[in-house]
Amino acid sequence: MEIILIFISAAIVNNFVLTYFLGICPFIGVSKKVETALNMGMATTFVMTLTAAITWLINTYILIKFNVPFLEYVAFIITIASLVQLVEMFIRKVSPALFRALGIFLPLITTNCAILGLALFAVLREYNFIESVVFGLGAGVGFTLALVIMAGIREELEFMDVPESFKGAPITLLIAGMLALSFMGFAGLLSV
Amino acid sequence: MAPDGEVTLSKDFIKGLWKENPVIRQILGMCPTLAVTNSATNGLAMGLATTFVVISASTIVSIIKSLVPRQVRIATYVIIIASFVTIADLFLAAKFPSISKALGPYVPLIVVNCIILGRAEAFASKHPVHRAFIDALGMGVGFSWALILLGSIRELLGFGSIFGFKIMGAWFTPWIIMILPGGAFITLGIIIGLINQFTGSRTVDTSCH
């Protein structure tokens, strides 16, 4: 039950993009087309789930064991950067088709604050291993959801008469604000 | 140094304030910009912490630029940035525990603030130390004022105060939405849109990369 709550909380109620403002750069940058948004979302979800698992292991078996919590940020960012690199090489080898779909997004993920934020939040909330992984998966699904919704709206927006000075980032931010407001409606679902 | 050295330096500084302002012109560093600006004080604290990190990181990157092999430069920059962020985080936690608590995980998230890596890669790794320092200072100040502006507007409308001082009288009903996540997006969108309107230019639609 606890696990399901963590998943729903991360994916919908406390959506990473719309509540914690994590991963705004790709949210604004890669949300012009639904298809690219979906691919980016899947690549991010994949890396997020892996990151949650590996940073948990590193935190528990290295940082806590050797009592060096001040190395947390350096260790996490190195882990994420090398993980993304490994995933990229692995996918290129195993599935060239998948690589063509996700490949260009992978390098961008390293500097996606949602990934580091996920690792930090998982440590802060003292999740165990399973909870961390579910949290990572949920956050990834939530990120994908927000990205795809935004891309869908922006595709429609192409045909709208947006004032010249509000085109691009400003109108995207305004829409994101309204999305954030509507996602607040989910807050009644559970109290985590 | 050439006689126009002074001019170059002041140009390096001023461009960060307005023409290449990271928040308003380049749409960079959005997570901290939106997340911590529910009050002017938090915006100021985040601005100062980021300024410290961007100056230190740019200076170090500029000093060691000839020693770093091209292939591992990004990894090197990231480790330098992460070290300075750790310093800033520990300093805040020791000296200003209440601010450190309010900013929470957004202090460590300075590591992935694209402004810092962006300056290291685009400027500090190609220019001498004094110019890298001034450029980083300009970007830091530009980032800070944008955060303070956003924080002040949200705090004024959401709590009726600025930097904790009551501005609005008892008649004022706080707009709760301004301190919620939705208010952050909407306020920033309106600010950027209005600035575009009045300056007649458009933001460069860069993402971090």
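Further up the page is the structure itself.
Quick look at the structure, then. What you see is a predicted model; the values in this text were computed from it and never measured.

Some details on the packing of aromatic side chains
For the structure on display, the rule yields 13 aromatic pairs over all chains. On the basis of an interplanar angle of 85° and a centroid distance of 5.9 Å, the ring pair of Phe16 of chain A and Tyr20 of chain A is categorised as edge-to-face. For the pair Phe52 of chain B and Phe84 of chain B, a centre-to-centre distance of 6.1 Å together with 80° between the ring planes defines the contact as edge-to-face. Of this pair, Phe52 of chain B sits in helix α3 (residues 40-63) while Phe84 of chain B sits in helix α4 (residues 73-95), and the two are 32 residues apart along the sequence. Ring pairing ties together the aromatic residues Phe16, Tyr20, Phe121, Tyr127 and Phe135 of chain A, which thus form one cluster. Taking NZ or CZ as reference, Arg25 of chain B lies 5.6 Å from the ring centre of Trp18 of chain B, over its face.

Examining the nonpolar core
With 119 residues, the main nonpolar core has Phe16, Leu18, Leu22, Leu116 and Phe135 of chain A together with Leu34 and Phe185 of chain B as its most contacted residues. Residues within four places of Phe185 of chain B in sequence aside, it is in contact with Val17, Leu18, Phe21, Ile24, Leu173, Leu174, Ala176, Gly177 and Ala180 of chain A together with Leu34 of chain B.

Quick look at the pattern of salt bridges
All names here are of chain B. Going through the model one piece at a time under the given rule, you end up with seven salt bridges over all chains. In this structure, Asp135 engages Lys15 in a salt bridge whose closest nitrogen and oxygen atoms are separated by 2.6 Å. A residue pair is termed long-range when its members are at least 10 positions apart, and Asp135 in helix α7 (residues 129-159) and Lys15 in helix α1 (residues 5-17) qualify at 120 residues. On the basis of relative accessible area, Asp135 is assigned to the buried category, the value being 1%.

So, the layout of surface pockets
Estimated volume of the second largest pocket: approximately 410 Å³. Along the walls of the second largest pocket sit 19 residues, with Pro69, Glu72, Tyr73 and Leu124 of chain A together with Asp89 of chain B positioned nearest its centre. Elements with a contribution of two residues or more to the lining of the second largest pocket: α3 (34-64), α4 (72-94) and α7 (113-124) of chain A together with α4 of chain B. Per-element tally for the lining of the second largest pocket: the top contributor is α4 of chain B, with four residues. Residue composition of the lining of the second largest pocket, grouped by class: 12 nonpolar, five polar and two charged.

Observations regarding a nonpolar patch on the surface
A grouping of Met1, Ile3, Ile4 and Ile130 of chain A is seen on the molecular surface, where their side chains present a nonpolar patch of about 420 Å² in accessible area. Considering the arrangement of structural elements, one finds Ile3 of chain A in helix α1 (residues 2-13).

Looking at the state of the cysteines
Counting across every chain of the model gives one disulfide over all chains. Two residues, Cys113 of chain A and Cys31 of chain B, share a disulfide whose sulfurs are 2.2 Å apart. Sign of the S-S torsion, about -75° for the bond between Cys113 of chain A and Cys31 of chain B, identifies this disulfide as left-handed. Here Cys113 of chain A, found in helix α7, pairs with Cys31 of chain B, found in helix α2 (residues 30-35), and the two come from separate chains. What makes Cys113 of chain A buried here is its relative accessible area of 5%.

Remarks on unusual backbone geometry
A negative phi angle characterises most non-glycine residues, just as the trans form characterises most peptide bonds. Residues and elements named next belong to chain B. Its identity is not glycine, yet Ile27 carries a phi of approximately 50°, on the positive side. Along the chain, Ile27 turns up in the loop between α1 and α2. Positive phi, close to 55°, is recorded for Phe163, a residue that is not glycine.

What to know about the environment of Ile91 of chain A
All names here are of chain A. Within the secondary structure, Ile91 sits in helix α4. Judged by relative accessible area, Ile91 falls into the buried class, the value being 6%. Along the backbone, Ile91 and Leu102 are 11 residues apart, and their C-alpha atoms lie at a distance of 8.9 Å. Setting aside residues up to four positions removed in sequence, Ile91 forms contacts with Phe46, Pro96, Leu98, Phe99, Leu102 and Leu106.

Some points on the packing of α1 of chain A against helix α8 (residues 129-157) of chain A
All names here are of chain A. Contact geometry of α1 with α8 gives a least axis separation of 7 Å together with a crossing angle of 30°. Considering the angle they form, α1 stands roughly parallel to α8. Considering only the axes of α1 and α8, their crossing is right-handed. Contacts between α1 and α8 involve Glu2, Ile3, Ile6, Phe7, Ala10 and Ala11 on the former and, on the latter, Ile130, Glu131, Val134, Phe135, Leu137, Gly138, Ala139, Val141 and Gly142. Here the residues of the contact of α1 with α8 are counted per class, giving 11 nonpolar, two polar and two charged.

Criteria and cut-off values
- Residues numbered from 1 in each chain as written.
- Chains lettered and ligands numbered in written order.
- Predicted model: local features only at pLDDT ≥ 70, side-chain atom pairs only at ≥ 80, totals over all residues.
- Heavy atoms only, no water.
- Phe/Tyr/Trp six-rings, centres within 6.5 Å; stacked < 30°, edge-to-face > 60°.
- Helix = DSSP H or I, 4+ residues; strand = E, 2+ residues; numbered from the N terminus.
- Lys NZ or Arg CZ within 6 Å of the ring centre and 35° of its normal.
- Core = buried A, V, L, I, M, F, W, Y, C linked by side-chain atoms within 4.5 Å.
- Buried < 20%, exposed > 50% of the residue type's maximum accessible area, 1.4 Å probe, protein only.
- Contact = heavy atoms within 4.5 Å.
- Salt bridge = Lys/Arg side-chain N within 4 Å of Asp/Glu carboxyl O.
- 1 Å grid on protein atoms, 1.4 Å probe; cavity = no way out; pocket = protein on both sides within 12 Å on 5 of 7 lines; lining within 4 Å.
- Points joined across faces, edges and corners; volume = space filled by probe spheres on them.
- Nonpolar A, V, L, I, M, F, W, Y, C, P; charged D, E, K, R; others polar.
- Patch = residues over 30% accessible without salt bridge, like charges linked within 9 Å, V, L, I, M, F, W, Y side chains within 5 Å.
- Areas by Shrake-Rupley, 256 points an atom, 1.4 Å probe, with all protein chains shown as cover.
- Disulfide = S-S within 2.5 Å.
- Axes fitted to C-alpha atoms, helices over the stretch in contact; angles between N-to-C directions.
- Parallel < 35°, antiparallel > 145°, perpendicular 65-115°, else oblique.
- Left-handed = near helix turned anticlockwise from the far one by under 90°.

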